[in-house]
Amino acid sequence: MATASVAFKSREDHRKQMELEEARKAGLAPAEVDEDGKEINPHIPQYMSSAPWYLNAERPSLKHQRKWKSDPNYTKSWYDRGAKIFQADKYRKGACENCGAMTHTGKACMERPRKLGAKWTSKNIAPDEKVETFELDYDGKRDRWNGYDAASYAHVIERYEARDEARRKFLKDQQLKKLEEKNNNQNGEDGASEDEDNEDDLKVDEAKVDESKQMDFAKVEKRVRTTGGGSTGTVRNLRIREDTAKYLLNLDVNSAHYDPKTRSMREDPLPDMDPNEKFYAGDNQNRVSGQALEFKQLNIHAWEAFEKGTDVHMQAAPSQAELLYKNYKVNKEKLKYQVKETITEKYGNAAAEEALPKELLLGQSEREVEYDRAGRVIKGQEMALPKSKYEEDVYINNHTSVWGSWWKDHQWGYKCCKQFIRNSYCTGSAGIEAAEAAADLMKANIARKEAAEVFWSDTIYYESEMPAPTEQKQLATWGTDIPDDLVLDQEKLADALKKEDERRREERDERKRKYNVKWNDEVTAEHMEAYRMKKIHHDDPMKDFLH
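Residues numbered from 1 in each chain as written. Predicted model: local features only at pLDDT ≥ 70, side-chain atom pairs only at ≥ 80, totals over all residues. Heavy atoms only, no water.

The name given to the protein in an unreviewed UniProt entry is Pre-mRNA-splicing factor SLU7, with the source organism recorded as Escallonia herrerae. As its UniProt record puts it under Subcellular location (unreviewed entry), the protein is described as follows: "Nucleus". (UniProt positions renumbered as here; feature names shortened; annotations may be inferred.)

Written out as structure tokens, the structure reads:
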């Protein structure tokens, strides 16, 4: 009983409940149904079927026995190996300097180091990898086979299958060589009529060799007890024990039926699966493939021949039925060939006619080509322009020519506006005129400057061999330009320099400052000059050698 909660019941209700449980266990009453409509096994003990009181279950259910606290963030998916998401056409800032992908840096790049990376060439930009992060649960973190692709083991299976196939072929060739040598030694002196019989015997022996040397798991020799007292017999080996049983391929109750008595499953248990990946497609597949189909056609031929009056029976005389079927196929092929020959003789065969010679196919043409006396083509055979994989005749930003159509002063540019800035907006003839005017103005300024320098060098240099020293610009008291008639008293300036040194010393050492300080707010030109002379310029590279 899978009760939702334990409630008080009277003695009569309890007796009825016990009788109902006994009837369910005996199969006389239908089983109890849970919330999902599934039947609950009546043999489950009460301590397992009863839900805890804190779940407040209103109907009988077994959900409390399952994992009902599941984290939706956990996943069992794995990284999509080798997946790409986007491939850029040019280099992007922050991408890998070697390949151009945005998902890693140059140090973590797994591509071969290029001579010139994508950062400098902007060519062959590698696509961005798909970067994923998963939040695995407890079992997913400890699953050593998580993300394993079973298809990666296919090459190992193919290698072993190829080895077994080569071994079977080698053993078959060895047996056939022995049979040929034996037949040649016995029937070397026979006529041509007996050679055909020998070939048929050889084919029969070949089939026997093929059946005896089959390396499959259909039969295996084991030492078992037999009715005749011997110790050797054959037993069936249905499958390799490492393979999954056919009744475990699909656990759906509505899938293919499995008969445990005959161990057969005629229908395909996985009809929606890729045929290249599944190794079992039901027992009916064996009935419509291989020699089973030929045997089926042989039975049909025997039935039809018996209905038409031929004394043949597949079970009573199988060799006779097989020989009759072989003769029937030979006669059928002969009849088809005769019908084909008759139709060909009457109507002809355009496909079998001789092909025209190359002189007629390639020697004449309706195309007119005109040459000059030197043998050059004048008209009729124009040169084909090579096509590029890049877009042609595509102009941007109002340009009428492409980038690289203009070259000047070792720089590429646009021919339409003579600009050297790529992806700039086209200014047309107005831009060309403005650029020429600016160039002319610059040339005129350079020429005027050179003429002025030559003039002053001719006038000053000859007056004195050494040029006059440049006077340092002095500033006035409050930062303005000092007039030329300003004269500083040297004694006051020396006194101001001493006071400035004392003030700086007091700033460095607070212990030398006096208690009674007389403050004087009168600032003279000498004080300002002393302050400027003692001031430290932090951007001066020689400031450490001044004081």
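(A) Structural detail: the overall build of the protein. Tallying secondary structure elements over the protein gives 13 helices and 8 strands in all. The burial tally for the protein puts 17% of its 547 residues in the buried class. Sequence-distant contacts in the protein: of pairs separated by 6 or more residues, those separated by 24 or more amount to 39%. Split by element, the accessible area of the protein, about 48000 Å² in all, is 52% carbon and sulfur. (Helix = DSSP H or I, 4+ residues; strand = E, 2+ residues; numbered from the N terminus. Buried < 20%, exposed > 50% of the residue type's maximum accessible area, 1.4 Å probe, protein only. Contact = heavy atoms within 4.5 Å. Areas by Shrake-Rupley, 256 points an atom, 1.4 Å probe, with all protein chains shown as cover.)

(B) Focus on the nonpolar core. Residues Leu298, Ala302, Ala305, Val312, Met314, Ala321 and Tyr325 constitute the largest nonpolar core, which totals 7 residues. Of all the elements in the fold, those that place two or more residues in this core are helix H8 (291–307) and helix H9 (318–347). Ranked by residues supplied to this core, first place goes to H8 with 3 residues. Cys96, Ala101, Cys109 and Ala126 belong to the second-largest nonpolar core, a separate cluster that totals 5 residues. (Core = buried A, V, L, I, M, F, W, Y, C linked by side-chain atoms within 4.5 Å.)

(C) Here's a closer look at the packing of H8 against H9. The geometry of H8 relative to H9 is characterised by a closest axis approach of 10 Å and an angle of 90 degrees between their N-to-C directions. Viewed along their axes, H8 and H9 adopt a mutual orientation that is roughly perpendicular. Judged by residue contacts, Gln297, Leu298, His301 and Ala305 of H8 engage Ala321, Glu322, Leu324, Tyr325 and Tyr328 from H9. (Axes fitted to C-alpha atoms, helices over the stretch in contact; angles between N-to-C directions. Parallel < 35°, antiparallel > 145°, perpendicular 65-115°, else oblique.)

(D) Quick look at the pattern of salt bridges. This structure, assessed with the given rule, holds 14 salt bridges. The closest approach of N and O atoms between Glu32 and Arg24, which form a salt bridge, is 3.5 Å. A relative accessible area of 18% places Glu32 in the buried class. Here Glu111 ties to Arg114 by a salt bridge, and the two come within 3.0 Å at their closest N and O atoms. The exposure class of Glu111 is partly exposed, given its relative accessible area of 34%. (Salt bridge = Lys/Arg side-chain N within 4 Å of Asp/Glu carboxyl O.)

(E) Expanded view of the confidence of the model for the protein. Summing up the model confidence of the protein, the mean pLDDT is 78 and the portion of residues at 70 or higher is 74%. Predicted confidence for residues 1–5 stays below pLDDT 50, and this span has 22 contacts to residues more than four positions away or in other chains. Segment residues 467–480 is flagged for pLDDT under 50; beyond a separation of four residues in sequence, or across chains, it makes 17 contacts in the model. (pLDDT = per-residue confidence, 0-100.)

(F) Quick look at the environment of Lys25. Mapped onto the elements of the fold, Lys25 is located in helix H1 (residues 11–26). Considered as a pair, Lys25 and Asn41 are 16 residues apart in the sequence and their alpha carbons are 8.5 Å apart. Setting aside chain neighbours within four positions, we find Lys25 in contact with Pro42 and His43.

(G) Structural detail: helix H12 (residues 490–508). With 19 residues, H12 should reach 27 Å at 1.5 Å per residue; the first-to-last C-alpha distance of 27 Å fits that figure. Buried within H12 we find Leu493, Ala496, Leu497 and Glu500. All buried residues of H12 lie within an arc of 105 degrees about the axis, which places them on one face of the element. Away from the buried face of H12 by more than 90 degrees, exposed residues Glu491 and Lys498 are located. Elements that come into contact with the buried residues of H12 comprise helix H13 (525–534). Capping the start of H12, Asp489 holds a side-chain oxygen 3.3 Å from the backbone nitrogen of Glu491, two or three residues further along. (Expected span 1.5 Å × (residues − 1). Arc of directions from axis to C-beta. Polar contact = N/O pair within 3.5 Å; in protein donor to acceptor, adjacent residues only side chain to side chain.)

(H) Region of interest: the packing of aromatic side chains. Evaluation of the coordinates by the stated rule reveals 8 aromatic pairs. Ring centres of Trp78 and Tyr79 lie 5.0 Å apart, and the angle between their planes is 70 degrees; on these two criteria the pair is classed as edge-to-face. Judged by its relative accessible area of 42%, Tyr79 falls in the partly exposed class. Their ring planes at 45 degrees and their centres at 5.1 Å tell us that Tyr247 and Tyr258 sit as a pair that is tilted. With Tyr247 in the loop between strand E4 (233–236) and helix H7 (284–287) and Tyr258 in the loop between E4 and H7, this residue pair connects regions lying 11 residues apart in the sequence. For Tyr247, a relative accessible area of 41% corresponds to the partly exposed category. Residue Tyr258 is classed as partly exposed on the basis of its relative accessible area of 22%. Feature note: the residues Trp78, Tyr79 and Phe134 constitute an aromatic cluster, connected by ring pairs. Above the face of the Tyr138 ring, Arg142 is positioned so that its terminal group lies 3.7 Å from the ring centre. (Phe/Tyr/Trp six-rings, centres within 6.5 Å; stacked < 30°, edge-to-face > 60°. Lys NZ or Arg CZ within 6 Å of the ring centre and 35° of its normal.)

(I) Region of the structure containing unusual backbone geometry. Here Asn397, not a glycine, exhibits a phi torsion of approximately 55 degrees, which is positive. Relative to the assigned elements, Asn397 resides in the loop between strand E6 (377–379) and strand E7 (406–408). Since its relative accessible area comes to 33%, Asn397 is described here as partly exposed. One non-glycine residue, Lys418, lies in the positive phi region at around 55 degrees. Here Lys418 lies in the loop between strand E8 (411–413) and helix H11 (428–460).

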